[in-house]
Amino acid sequence: MRVDAGLISYLEELSALSLSEDEKLRLLGDLDEILQYMASLSGLDTQNIPAYSLVYDNMNAREDVATSSLDREKLLRNAPKSANGMFVAPRTV
Amino acid sequence: MHDMSALELSAAIMAKKIGVIEAVDAYIDRIEASDSRLNAFLCVEKDKARAKASQIQARLDAGERLSPLAGVPVAIKDNISVEDMQCTCASNMLGGYTPVFNATAVERLERAGMIVIGKLNMDEFAMGGSSETGVFGAVKNPWDTSRVAGGSSGGSAAAVASGEIPLALGSDTGGSIRQPCAFCGVTGIKPTYGAVSRYGLVAYASSLDQIGPIGNNIDDCAAMLSIISGRDDMDSTCVLESPFDFGQEACPQRLDGIKIGLPRNYFDAGIAEDVKSAVMAAARELEEAGAVVEEFEMPLMDYMIPAYYIIACAEASSNLSRYDGLKYGYRSPNADTLQGVYRMSRSEGFGLEVKRRIMLGSFVLSSGYYDAYYKKALQVRSLIKDAYSSLFGRFDMILSPVAPGTAYKIGENAGDPLKMYMGDIYTVSVNLAGLPAAALPCGFGAKGMPIGFQLVGSAFSEGKLVSAARVYQNRTEFNKARPGGEAL
Amino acid sequence: MTWEVVVGLEVHAELSTRSKIFCGCTTAFGGEPNSQVCPVCSGMPGSLPRLNSAVVEYAARLGIALNCEIANECVFDRKNYFYPDLPKAYQISQLYAPICSGGFLEIEVGEASKKIGIREIHMEEDAGKLIHNSQSGETFMDFNRCGVPLLEIVSLPDIRSGAEAAAYLERLREILLYLDICDCKMQEGSLRADVNLSVRRCGSSEFGVRTEMKNLNSIKAVSRAIEHESVRQIALLDRGGTVTQQTRRWDDTKGESYAMRSKENAQDYRYFPEPDLPNSALGESWLARILENMPELAHEKRERYAGEFGISAYEAKVLTGDRNIAGLFEELASLCGNPKEAARLISGELMRLMNASSILPEELNIDASKLAKLVVLVTEGKISRDAYKETIEAVFTQNVDPGAYIAQKGLLMQSDDDAVMESVLAAINDNPEAVADYFLGKEKALTFLMGKVMKKLGKSANPIAVKKSMEDRLQCIGGKK
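### A closer look at the sheet that holds strand 13 (residues 450-457) of chain B
Through backbone hydrogen bonds, the strands of a sheet pair up, either in parallel or in antiparallel fashion.
Residue and element names in this part refer to chain B.
Point 1. Overall, mixed pairing links the eleven strands, which are arranged 1-3-2-6-8-7-12-13-11-9-10 in an open sheet. The open sheet terminates on both sides in strands that have one partner only, identified here as strand 1 (41-44) and strand 10 (292-296). Strand-to-strand twist across the sheet, computed as the mean angle between neighbouring axes with direction ignored, equals 30°.
Point 2. In terms of strand pairing, strand 9 (residues 259-263) meets strand 11 (residues 397-401) through two bridges, oriented parallel. Within strand 11, the position partnered with G261 by the bridge is I398.
Point 3. Where helix 2 (residues 20-38) meets the sheet, its contacts fall on strand 1, strand 2 (73-77) and strand 3 (115-120), and the angle it forms with strand 3 comes to roughly 15°.

### Some points on the interface of chain A and chain B
Point 1. Each partner contributes residues to the interface: chain A has 50 residues there, and chain B has 62 residues.
Point 2. Around 5,100 Å² of area is buried between chain A and chain B when both sides are counted, 67% of it from carbon and sulfur atoms.
Point 3. Three residues, A:Y37, A:L41 and A:Y52, lead the burial of chain A against chain B; their summed loss comes to 15% of the area buried on that side.
Point 4. One can count four salt bridges joining chain A with chain B.
Point 5. Of the charged contacts, one joins B:K355 and A:E23 as a salt bridge, the two residues approaching to 2.8 Å between their closest N and O atoms.
Point 6. One can count 20 residue pairs in polar contact (both at pLDDT 80 or more) joining chain A with chain B.
Point 7. Taken together, the elements giving at least two residues each to the side of chain A that touches chain B come down to helix 1 (5-15), helix 2 (21-38) and strand 3 (86-90) of chain A.
Point 8. With ten residues, helix 2 of chain A is the single largest residue contributor to the side of chain A that touches chain B.

### Re the side chain of B:S91
Residues and elements named next belong to chain B.
Point 1. Counting through the fold element by element, S91 comes out in the loop between strand 2 and helix 4 (104-111).
Point 2. Assessed through its relative accessible area of 0%, S91 is described here as buried.
Point 3. Engagement of the side chain of S91 in a polar contact is seen with the side chain of E124, the distance being 2.7 Å.
Point 4. Discounting chain neighbours no more than four positions away, the residues touching S91 are E124, F125, V135, F136, G349 and F350.

The rules behind these values
- Residues numbered from 1 in each chain as written.
- Chains lettered and ligands numbered in written order.
- Predicted model: local features only at pLDDT ≥ 70, side-chain atom pairs only at ≥ 80, totals over all residues.
- Heavy atoms only, no water.
- Pairing = 2+ DSSP bridges.
- Helix = DSSP H or I, 4+ residues; strand = E, 2+ residues; numbered from the N terminus.
- Axes fitted to C-alpha atoms, helices over the stretch in contact; angles between N-to-C directions.
- Contact = heavy atoms within 4.5 Å.
- Buried area = accessible area lost by both parts, 1.4 Å probe.
- Salt bridge = Lys/Arg side-chain N within 4 Å of Asp/Glu carboxyl O.
- Polar contact = N/O pair within 3.5 Å; in protein donor to acceptor, adjacent residues only side chain to side chain.
- Buried < 20%, exposed > 50% of the residue type's maximum accessible area, 1.4 Å probe, protein only.

So this is what it looks like as structure tokens:
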């Protein structure tokens, strides 16, 4: 499969990016080359090979205990925009 | 003082020959004198360090025994959270971001009495093999400042190599501790996946990332690894029951009975002659120390890089989605709609290499391509892991090069991402299989640049690796060499 | 040519654990915005999830109650999308291997019972809350709810009407409450239902195009929305039109649904296994322990009450309406040895008292042993039904000791024949017209005469003894005449 402008556009949307024209051109070439190379995996027979995953015997889960939370001031300290104790975003609808 | 190892420094502090503040000041002076040349440090927190040093001094004076590294200054790669210090990941996206919590590894170092001096330069979001992609400029190799320090923990390796700091924390996802160690002639350990907590490490690829030590010798690194390793309630993947205890072997010189595998196909094509001979020489050194070195054919070599990059980019694309301009970090002033804030903040905040990997990651996870790329890569990963398991049935450890060449000129590989990726051929499979590896200096190349090799072990066999590394460093002098001709 | 309505329900239940699914923040409702948040649930760089074991147990409990297969491995996936209420820009959920699958829930529609298939139950984390300020054109983000554990229960498209959907939701709600894993307050959002609806010709096995309706915050609303949407789709198809696949928002006050701007048509969520949470084996002993500790469910109790105790369906329904009530009934029945009487007391008097004073079942604090004493006294004929009711009320409101109260108020029934006889004779003598009416066949006369006696004797009178005595006397008189 080849990388084209349509795919770049779609990937931009999935990734919430807006590339400059230069970047688009650059990535068109790069991604094409890289993906061609990555497709070499298809040369390996992996039928019936399980996908890698870490499996542990026990859940390594926590007890259901409520612990203290962050001070609200700390939570919002790095926020680019906050008001009334909340993060602020532009209108979502 | 800069001639001492970190362990020796701590012993001197305990023996009251040196004060903690004195040590901190000496290293800060050194940094101030040399770092403009190297660009290893992104920030030096002099006041905080001195305040901490007083506290530690007081506790030591009161008779507390904190750890074998108590009182020693340490610097932290700028993708590991230190409370109230910057954590930029060398990116505009996190410019001005200050964590409100410590990474567990940092917490443990501080509890052990180490003093955090500052944060270290790196590739942006740890994506790179040269420490050139960060927005604060490239890290220069102390052996030749026109050359790269390696990456992504270039700042950590350069700072240690130049004597600016005795020990540093780095992170390794596909070679990011080992390769800069090799390029800068210092020692480093990439621990087994799950040995050290990742809590507080800004995630690049969750199933591959590990925090590890960089220092001048294996004992210093081992001492630091002991402190930071072991179970953590905040990280579900950190499962090592208790921290490593490497014991105190007195100058071991022999490795009798140890079986070391040498992957002959790693030396076939693409490796520089000087690197090849230095690594082979290291193998011979260990043979002379009593180890049995046997050649073998490393399977799946052609599939390591594609599998690694597919998985790493996929996880990265998801891990970096949280940077959206709303909760922390950079928010574009050029946007006022929601989509605008997302897209402009991310496009202006991230550098090109980061964007490239995010796009790649989104692609391999997208519907229609998931099976052929991501799922396939996970299957290849299983095969690689199984291959190593088999090998460790035959060998105690595997000896291999770290990089195909020595440190190249700054800017030389900038335009060719795929070529950069291929440079990770010897390191990525270790992360894919979740195994430990120690990188040790073993010589110098044609241009006088350092060369390193790695010893790879089975899961949680760091003890064996440290023993072998001790033997190697007792029999050779490479880790004692310093740039600028100052041999120790 | 008739149409068949095909409905599937997706229900989200907020679990009543103490802490969130992946961090230790509290799940308590109604805190100040952003006061129950930590680096993990707010997605700060470097944060990592840690699974709450109670969430997995609750999921298994529900799966068992819904007759599902429980997975033998616990696996999570990431669902990736951008929205301000999702701090990590991915939701940790389960796609590939939900914890429970392939079960059913039995509902009663009229006389018949029907099994609604359950496709799966999976665990996921809730998102935060957004507050929109239309004037300033801004949206505010509160992360308190981020990370609250949710179970998503997905039914098969076996539901055929609003009434069936309501029955399904009522039964599901009952089960969740009995398992004590969710407080099911739809108005507060701890139980949410989404409806997937399509129509097809009767007899067809193909599925029509379906629409999705969200924002349904009561069982009645679900039922109404289903009725309305079926009519809408059928009318559309009858006109020769086609149904557009879309999400619709239901407005319950207007009784209408509106198409939502479908800008997110087919979102590619790029699901992949969550690398920060290793898969873990769910052992047999773990599952066995959960099975052992499963509480008896409401419908199981109703069957048992009918079978073992012979209690009527109506009473059984009242008794099992709340787990606390059922528990009280069972305790009382066991203490007094008279389940029928116990059922009568609780579903009758006690419910009446509770309603009158607006006390909720979970607030009820009454001593079953005191009630048991009363049951014994009344069934042994030692107190009248009136005295019984009065004492029950006294126990309910003031927690009196029944014995002391009865003694103090003189409620123990006297079957003292002389006193009764005296009063009966007096009543007969004093009320000749009533006596005459009695012999003319007027039933009311007897009641009238008895009333006179009862008034004289007071609460300690045994009405049965009085009646017998009165009837005997009257008969004698009658006989004499």
